[in-house]
Amino acid sequence: MFFHIVLERNMQLHPRHFGRDLRDKLVSKLMKDVEGTCSGRHGFIVAITGIESVGKGLIRDGTGFVTFPVKYQCVVFRPFKGEILEAVVSMVNKMGFFAEAGPVQIFVSNHLIPDDMEFQSGDVPNYTTSDGSVKIQKDSEVRLKIIGTRVDATEIFCIGTIKDDFLGVISDPGATS
Amino acid sequence: MSLTADSPVHSPSTSSEDFAAFLDAELDSASDASPHPVGEEEEIEEEAEAEKDDEGDDTNDYDLDFERIKRCKVEILENLSEVETTTSQGVDIQISGASSDKDVCVHPGVIGGLCIRCGLKMDDESGVAFSYIHKNLRLANDEIARLRDKDLKNLLRHKKLYLVLDLDHTLLNSSRFLDITIEEGYLKGSRDDLPDALKSSLYRLDSMHMMTKLRPFVHTFLNEASNLFEMYIYTMGERAYALQMAKLLDPGDVYFNSRVIAQGDCTQRHQKGLDIVLGQESAVLILDDTEAVWGKHKENLILMERYHFFASSCHQFGFSSKSLSELKTDESESDGALATVLKVLQRIHNSFFDTEHSASLVDRDVRQVLKIVKKEVLKGCKVVFTRVFPTQFQGENHHLWKMAEQLGATCSTELDPSVTHVVSLDAGTEKSRWAVQMGKFLVHPRWIEAANYLWKKQPEESYSVSNSKDH
């Protein structure tokens, strides 16, 4: 799920940036530092949408670096148990398949793939129904349900299922090509 | 907490029955107290706790009068709350019912701390790690068995078996830049100056400070073998190295498809095990140049002649002769070890899927087939050894003796007319002379070793025994 929230961070800035563009430098550094990172509490920080406020800078003794407390608005992405997500399959093996929804990696084990889908090894390993009408392979898009999440400081990992109504492949690159 | 959770369930069952008589008698005083329930409630709660603590002996020591009143109040309160507790108990049952549903999940595996089936957080380190599939994947033994079983059926339908391949000295040879000798220096020159044969098979990996030479025929080998086998790479090298090599061998990522097992994945140090290969042992063949690492799986192993291209590799194994690179030659493309072993693999594959077999496919064992195919090599030969084993050594225990028997030859210690070959290190012994007299083949022990590596009876003339040692 996506959230639009306000977060705060202390930014250290090198004295060479002090000047007219100080604010711009601060913002671009913030974006570079923060976007794409993951915090266990909020999930992945997808994008910074605005700066709420920049506090008073505090000069560090000795180094001359200045620390600014910056409040910023950002879009974060955090998967939840029970959530339905659309994801792109990144790897298929006999254990099941891995899929990615943006930065989140999701594993769907073969216990949670419908029983009528069988693993087919070969050049392009895939799961296929007995009549061959549905195929899951690398780069397929699937709709899945999250049944477990593990949020670490730097990574979010999920277990998903497609063994339920309205879940499964939503586009099949193999069928079109 | 203790009051809501415990007392309605446990304490009334004992204390209420004990005091049933008192309660009847004291109901009046209890109803006296009832007009002020709000003020009393705290007191009652305290009392309930006290009661819980002293459940056993409360009848004897207490000031009974005082007690009775309090107890009645507690009883009433509890009777009232009973209605609530029955509903909350209902909830409890539902919850425990749900958790017992989850207990049905046997947690076949854990990935990244989550059960792969129910998504529950799991922190135990049980099961076998399959870090080559995912860094945090562990599978329980039952699940491995289930996957193997399922996979084998699937594979046999496609008429395939498993093939586990070693990297170094089997499919390729690598050397660090540091160890390249002066005579090999031409290899480090610009690519355009290299002989044509090397252009396509010699790789310079600057990031790893290494040069790698693929064994001749390896691309054809992999291509052909991929039709017959599902292939794994299994190396004692580090993971980064293994992946890099896999990329060289399989640029299109069609042969191995992340089935690359490296040192860190092994469950035992200095041993390669099939326990982390998701394939039934009865359908796995192994190609490796080192027998010792496959302690438990020697029967699956096809031993390969080592491929030494670089000088450093020769030195490592104690050969003082010039390496292939120094001589600017290479193994034969059409006749080399890989070409030979491919034919053997095809033979085993054919024999395994032979329709004349009586056993069903699933019950067949490739290890038996391997043995049978191997026994064809020296079939009909009767071998006598002379001056090969140290004196006082039981011939039956010598590796050459065993090797000859595995190759289908009969070994004997006695000379008789049925003997076909005399294996000797010295042409001067009595048995050697007998062989020459009787027109039997007199061969060097290398004849057996060569047959073992090349899976074919070698021309005896090339392995004649020199007489020079005598003089």
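Residues numbered from 1 in each chain as written. Chains lettered and ligands numbered in written order. Predicted model: local features only at pLDDT ≥ 70, side-chain atom pairs only at ≥ 80, totals over all residues. Heavy atoms only, no water.

### Quick look at the pairing of strand 10 (residues 126-129) of chain A
All names here are of chain A.
And step 1. Residues of strand 10 alternate between two faces, with Asn126 and Thr128 on one and Tyr127 and Thr129 on the opposite face, all of them buried.
And step 2. Sheet analysis places strand 9 (residues 117-120) next to strand 10, joined by four bridges and oriented antiparallel. In the sheet register, methionine 117 faces strand 10, and the bridge partner there is threonine 129.
And step 3. Hairpin remark: strand 9 followed by strand 10, antiparallel, with five residues in the connecting loop; positive phi at glycine 122, about 135°.
And step 4. Note: strand 10 against strand 11 (residues 135-136), two bridges, orientation antiparallel. Of the residues in strand 11, the one forming a bridge with threonine 128 is lysine 135.
And step 5. Counting the residues that bridge the hairpin from strand 10 to strand 11 gives five residues, and of these glycine 132 lies at a positive phi of roughly 75°. (Buried < 20%, exposed > 50% of the residue type's maximum accessible area, 1.4 Å probe, protein only. Helix = DSSP H or I, 4+ residues; strand = E, 2+ residues; numbered from the N terminus. Pairing = 2+ DSSP bridges.)

### As for the pattern of salt bridges
And step 1. Within the structure shown, the criterion is met by 24 salt bridges over all chains.
And step 2. Across the salt bridge formed by lysine 94 of chain A and glutamate 230 of chain B, the nearest N and O atoms sit 2.8 Å from each other. Here glutamate 230 of chain B lies in strand 9 (residues 229-234) and lysine 94 of chain A lies in the loop between strand 6 (84-93) and strand 7 (96-101), a pairing that spans two chains. Of the two residues, lysine 94 of chain A and glutamate 230 of chain B, both sit in the buried class.
And step 3. The closest approach of N and O atoms between aspartate 206 of chain B and arginine 204 of chain B, which form a salt bridge, is 3.1 Å.
And step 4. Overall, aspartate 206 of chain B belongs to the partly exposed group, its relative accessible area being 45%.
And step 5. Residue classification places arginine 204 of chain B among the partly exposed positions, given a relative accessible area of 40%.
And step 6. Connected through salt bridges with shared partners, the residues Lys94 of chain A together with Asp151, Glu230 and Arg259 of chain B form a single ionic network. (Salt bridge = Lys/Arg side-chain N within 4 Å of Asp/Glu carboxyl O.)

### A word on the sheet that holds strand 10 of chain A
And step 1. Read from one edge of the open sheet, three strands run 9-10-11 (chain A), paired in antiparallel fashion. A single partner strand is all that each edge strand has here, and the edge strands are strand 9 and strand 11 of chain A.

### Let's talk about the pairing of strand 12 (residues 141-151) of chain A
Residue and element names in this part refer to chain A.
And step 1. Strand direction decides the pairing type here: strand 6 and strand 12, joined by five bridges, are antiparallel. Looking across to strand 12, one finds that leucine 85 is bridged to leucine 144.
And step 2. When strand 12 meets strand 13 (residues 156-161), the two strands line up antiparallel, connected through six bridges. Looking across to strand 13, one finds that isoleucine 146 is bridged to glycine 160.

### Here's the deal with empty space enclosed by the protein
And step 1. Enumeration over the complete set of coordinates arrives at four cavities of 30 Å³ or more.
And step 2. By volume, the largest cavity amounts to about 110 Å³.
And step 3. The wall of the largest cavity is formed by Val92, Asn93, Lys94, Phe119 and Pro125 of chain A together with Tyr132, Ile133, Tyr232, Asn257, Ser258, Arg259 and Leu278 of chain B.
And step 4. Among the residues forming the lining of the largest cavity, the class breakdown is seven nonpolar, three polar and two charged. (1 Å grid on protein atoms, 1.4 Å probe; cavity = no way out; pocket = protein on both sides within 12 Å on 5 of 7 lines; lining within 4 Å. Points joined across faces, edges and corners; volume = space filled by probe spheres on them. Nonpolar A, V, L, I, M, F, W, Y, C, P; charged D, E, K, R; others polar.)

### Overview of the packing of helix 15 (residues 399-406) of chain B against helix 17 (residues 446-454) of chain B
Residues and elements named next belong to chain B.
And step 1. One way to put it is that helix 15 packs onto helix 17 with a least axis distance of 10 Å and a crossing angle of 50°. On the basis of the axis angle, helix 15 is oblique to helix 17. Of the two possible hands of crossing, helix 15 and helix 17 adopt the one that is left-handed. Across the interface between the two elements, His399, Leu400, Met403 and Ala404 of helix 15 pack against Ile448, Glu449 and Asn452 of helix 17. (Axes fitted to C-alpha atoms, helices over the stretch in contact; angles between N-to-C directions. Parallel < 35°, antiparallel > 145°, perpendicular 65-115°, else oblique. Left-handed = near helix turned anticlockwise from the far one by under 90°. Contact = heavy atoms within 4.5 Å.)

### Overview of the packing of aromatic side chains
Residue and element names in this part refer to chain B.
And step 1. In total, this model carries 13 aromatic pairs over all chains according to the counting rule given.
And step 2. With a centroid separation of 6.4 Å and an interplanar angle of 80°, the aromatic rings of tyrosine 255 and phenylalanine 256 are classed as edge-to-face.
And step 3. Of the residues examined, phenylalanine 256 reaches a relative accessible area of 2% and is grouped as buried.
And step 4. One aromatic cluster in this structure is built from Tyr307, Phe309 and Phe310.
And step 5. Lying over the aromatic face of phenylalanine 309, lysine 213 brings its terminal NZ or CZ to 5.2 Å of the ring centre.
And step 6. Of note, arginine 259 hangs over the ring of tyrosine 232, and the distance from its end group to the ring centre comes to 5.7 Å. (Phe/Tyr/Trp six-rings, centres within 6.5 Å; stacked < 30°, edge-to-face > 60°. Lys NZ or Arg CZ within 6 Å of the ring centre and 35° of its normal.)

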